[in-house]
Amino acid sequence: MHDEIVQQLSAQIATAILKQPGKTLKPDQPLISSGLIDSFSLVDLALFVEDTFGVHLDDAELNSDTFDTLDQLAALIESRQ
Amino acid sequence: MLNFSQLLLENYRDAPDKTALTVLLSGKPDQPITYTDLIRGAAAWDAAYTRAGVLPGEVVILILQHGFDLIYAYWGAILHGAIPSIMPFLTEKLQPERYRSDLASLISITRPECLVTYREFASEARAAVPDGSSVRVVMLSEDVDISITPDLAAPGGLERAPESIVLLQHSSGTTGLQKGVALSHQAVLNQLRTYAKTLHLVDSDVVVSWLPLYHDMGLIAGFLMPILLRIPLVLLSPFDWVRAPYRLMQAVTHYKGTLSWLPNFAYNFCAQKIRDRDLQGVDLSSWRVISNCSEPMRYASHQAFYERFKAYGLKESALCTCYAMAENVFAVTQGGLDAPVMVDEIDRDAMQSQKLAKPAEEGNASVKMLSAGIPISNTQVKIVDERHRDVGDRTIGEVALHSDCMLTEYYHRPDATAKAFTRGWFLTGDYGYKVGDQVYVAGRKKEMIIVGGKNVYPMDLEELAMQVKGVHPGRVVAFGVFNETVGTEEVVIVAEVETRSQEERERIADEIRQTVTRGSAIALRHVLLVEPRWLIKTSSGKNARMANKDKYLKQIAKENDI
């Protein structure tokens, strides 16, 4: 389950945000603190998470203190499903 | 003629209990600040500047996050008679070394006497201060107690002459930080009085802004103007807005907001990324002037915004335009106030190849230009050719200005100041044309890319890309390409590399993205690696960027055709 979520998130981020569809992100790679996901794309990520996994992320949670890697985001999603 | 401090104190004496601004921060209750609160906070800072030995007329660089400290430290510097300038605070993604070097480059030209920051950031700030520099004091915001009863005997700001410099404005990156726009009390107040008339400002108006205060649009329209002219301000944080754009709509609803300024991309962003459930109860019917400003304005962006929010009471007449620049304090023109914004559909080829804005004919490719409106009453606008001679209507040339609210100078840059003026006219570096009084902005001569309202300079981005192993100096170019979906320019970097190894090329492209993203105000997505001798070389960096942008666009178009 966890790996599947990670994979779905990775594909979405690579395609929609990074515009590099072929790219695979490492599960422990910093995303927000590294600037890989910029602030303008955080809303897109939240909307995707909500539509795909039915989990709501509050805008106050869209920062690297709440999650910075795919592993952390997937864990957050699982804990709320 | 009053100065800033006299005006602020007058507001305090006339309306001590009036709310000057309401600060909205995510997760906290809305916090109103009355003129009494503002004066107290500012006076506490004035006292702190005095204790620290900062003198009137000296420059104070504020390195603080968007919030109360920044507001009080700014007005405190004004009241003290010092010259404040806001440096964007370090963001998480920015590399500390890069930030330090930006700060050092600001310090080297501006030569401020004082830096203000947080305790946590003090060592970082001190590290940017070279030995023997102008900086005498690093003040910490934690040391300033704003709860004490201030002494309003005679703050130094009251003594400042109207023609003295009141503030400095910088844009980002090494290049931007080395060119501080110095504005006088008189210039700013002339702008505010004229612009207030243009906007038909009345007591019942409410400004709602989420813009950062280090940018002229946020600082002048979304901070100084409402506070000095006693128009209530609702101030959101740019960090909150970008994560939850619906907060703007909710704030307009709750506070019956009437005026806002937005960069073009924000129209697309709001139209695309706000969910219906976050618009429950939203009523935008109070919004009477929403000015599109600070980056190229698009008809399609206005339409998308209107279509999305008309069901929530948005009036089409509220969609206005504005052409502004820090060098004229803020507004140069304003459109959409007394008549709808004019749309001029022109022939695309004539625009590109003949520099003519010919009305489009049936069947020819055309561009819908949004008028930036007409010059505000204290500002004259003319269009000139390369030899600075006036050109006629519908000829595209450089926009030149003359007004009573121009910058005093680029601070400590007599070279740049002299270059910017020709026979009393300020050359903006923007291309445009006129039709009667209407001004249309049609491109840029100056070397700047505007990404989501932020100005970045290609040479700074190229410098960063050259740091990557495998990329060579002089063999990389950066330019902006407008993205219609996003409503703003995106940066593209093209670099020549020798290696044919796919793996190595991927490493280089990734490192360029990372180095530029972590070293600048933007997030870089588009990197094209090409073989040696792909790039077109010309004598000037500017021409090389334009030629290579054309080559890039042709190549992309060809690839998309296949």
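**Examining the overall build of chain A**
Then, number 1: Looking only at helices and strands, one finds three helices and zero strands in chain A.
Then, number 2: For chain A, the succession of helices and strands along the chain, N to C, is α-α-α.
Then, number 3: Referenced to the eigenvectors of the C-alpha coordinate spread, the extents of chain A come out at roughly 30 × 25 × 20 Å.
Then, number 4: Out of the 81 residues in chain A, the part that is buried amounts to 52%.
Then, number 5: Put simply, of all contacts in chain A between residues at least 6 apart along the chain, 60% involve residues at least 24 apart.
Then, number 6: The positive charge centre, built from 4 side chains, and the negative charge centre, built from 14, are 9 Å apart in chain A.

**Things to note about a negative patch on the surface**
Then, number 1: On the surface, Asp 3, Glu 4, Asp 28 and Asp 71 of chain A cluster together to form a negatively charged patch.
Then, number 2: Within the secondary structure layout, Asp 3 of chain A lies in helix H1 (residues 2-17).

**Re the sheet that holds strand S4 (residues 83-86) of chain B**
Residue and element names in this part refer to chain B.
Then, number 1: What the four strands build is an open sheet, ordered S4-S3-S5-S6; its pairing is parallel. This sheet does not close on itself; its edge strands, each paired only once, are S4 and strand S6 (137-140). Averaged over all adjacent pairs, the angle separating strand axes in this sheet is 25°, with direction ignored.
Then, number 2: Bridge analysis of strand S5 (residues 114-117) against S6 gives four bridges, and the strand direction is parallel. Its bridge partner lying in S6, Leu 115 is registered against Val 138.

**Thoughts on the domain arrangement of chain B**
Residues and elements named next belong to chain B.
Then, number 1: According to the domain assignment, chain B consists of domain 1 (1-146 + 155-179) and domain 2 (449-561).
Then, number 2: Inter-centroid distance (C-alpha atoms) of domain 1 to domain 2 is 36 Å.
Then, number 3: In this assembly, 11 residues from domain 1 lie in contact with 14 residues from domain 2.
Then, number 4: Together, the buried faces of domain 1 and domain 2 total about 930 Å²; carbon and sulfur atoms form 42% of this surface.
Then, number 5: Area buried by domain 1 at its contact with domain 2 is led by Lys 93, Ser 172 and Thr 175, which between them contribute 51% of it.
Then, number 6: On inspection of domain 1 and its partner domain 2, the count reaches zero salt bridges.
Then, number 7: Put simply, domain 1 and domain 2 have six residue pairs in polar contact (both at pLDDT 80 or more) between them.
Then, number 8: In terms of residue count, the dominant contributor to the side of domain 1 that touches domain 2 is helix H6 (residues 173-177) (four residues).
Then, number 9: Residue classes in the side of domain 1 that touches domain 2 are distributed as one nonpolar, seven polar and three charged.

**Details of the pattern of salt bridges**
Residue and element names in this part refer to chain B.
Then, number 1: Tallying each qualifying case throughout the model produces 33 salt bridges over all chains.
Then, number 2: Between Glu 58 and Arg 136 there is a salt bridge, and its shortest N-O distance comes to 2.8 Å. Of this pair, Glu 58 sits in the loop between helix H2 (35-51) and strand S3 (59-62) while Arg 136 sits in the loop between helix H5 (119-127) and S6, and the two are 78 residues apart along the sequence.
Then, number 3: Using a relative accessible area of 9% as the deciding quantity, one classes Glu 58 as buried.
Then, number 4: For the salt bridge of Arg 513 with Asp 510, the shortest nitrogen-to-oxygen distance reads 3.2 Å. Here Arg 513 and its partner Asp 510 are both found in helix H16 (residues 502-519), three residues apart, which amounts to about one turn of the helix.

**Here's the deal with the environment of Tyr 323 of chain B**
Residue and element names in this part refer to chain B.
Then, number 1: Position of Tyr 323 among the secondary structure elements: in strand S13 (residues 319-324).
Then, number 2: Take Tyr 323: its relative accessible area is 8%, and that puts it in the buried class.
Then, number 3: Each C-alpha atom of the pair Tyr 323 and Thr 34 lies 31 Å from the other, and the pair is 289 residues apart in sequence.
Then, number 4: With residues near it in sequence (within four places) discarded, Tyr 323 still touches Phe 330, Ala 331, Val 332, Thr 333, Ala 372, Val 399, Thr 428, Asp 430 and Val 441.

**Some words on the pairing of strand S10 (residues 233-236) of chain B**
Residue and element names in this part refer to chain B.
Then, number 1: Neither face of S10 is open: one carries Leu 233 and Leu 235, the other Val 234 and Leu 236, and all of them are buried.
Then, number 2: Sheet topology places strand S1 (residues 19-24) next to S10; four bridges connect them, and they run parallel. By the bridge assignment for S10, Val 23 is matched with Leu 235.
Then, number 3: Regarding topology, helix H8 (residues 216-229) serves as the crossover connection from strand S9 (residues 207-209) to the parallel S10, and that connection is right-handed.

**A look at the pairing of strand S26 (residues 476-483) of chain B**
All names here are of chain B.
Then, number 1: The buried fraction of S26 amounts to eight of the eight residues, a majority that puts the element mostly inside the structure.
Then, number 2: The pairing of S26 with strand S27 (residues 488-496) spans eight bridges and is classified as antiparallel. Bridge assignment links Gly 480 to a residue of S27, and that residue is Val 491.
Then, number 3: Here S26 folds back onto S27, and the loop between the two strands holds four residues, one of which, Gly 487, carries a positive phi near 85°.

Analysis parameters
- Residues numbered from 1 in each chain as written.
- Chains lettered and ligands numbered in written order.
- Predicted model: local features only at pLDDT ≥ 70, side-chain atom pairs only at ≥ 80, totals over all residues.
- Heavy atoms only, no water.
- Helix = DSSP H or I, 4+ residues; strand = E, 2+ residues; numbered from the N terminus.
- Buried < 20%, exposed > 50% of the residue type's maximum accessible area, 1.4 Å probe, protein only.
- Contact = heavy atoms within 4.5 Å.
- Lys, Arg positive; Asp, Glu negative; His and termini not counted.
- Charge placed at Lys NZ, Arg CZ, Asp CG, Glu CD.
- Patch = residues over 30% accessible without salt bridge, like charges linked within 9 Å, V, L, I, M, F, W, Y side chains within 5 Å.
- Areas by Shrake-Rupley, 256 points an atom, 1.4 Å probe, with all protein chains shown as cover.
- Salt bridge = Lys/Arg side-chain N within 4 Å of Asp/Glu carboxyl O.
- Pairing = 2+ DSSP bridges.
- Axes fitted to C-alpha atoms, helices over the stretch in contact; angles between N-to-C directions.
- Domains from an automatic or database assignment.
- Buried area = accessible area lost by both parts, 1.4 Å probe.
- Polar contact = N/O pair within 3.5 Å; in protein donor to acceptor, adjacent residues only side chain to side chain.
- Nonpolar A, V, L, I, M, F, W, Y, C, P; charged D, E, K, R; others polar.
- Right-handed = clockwise from strand over helix to strand, strands pointing away.

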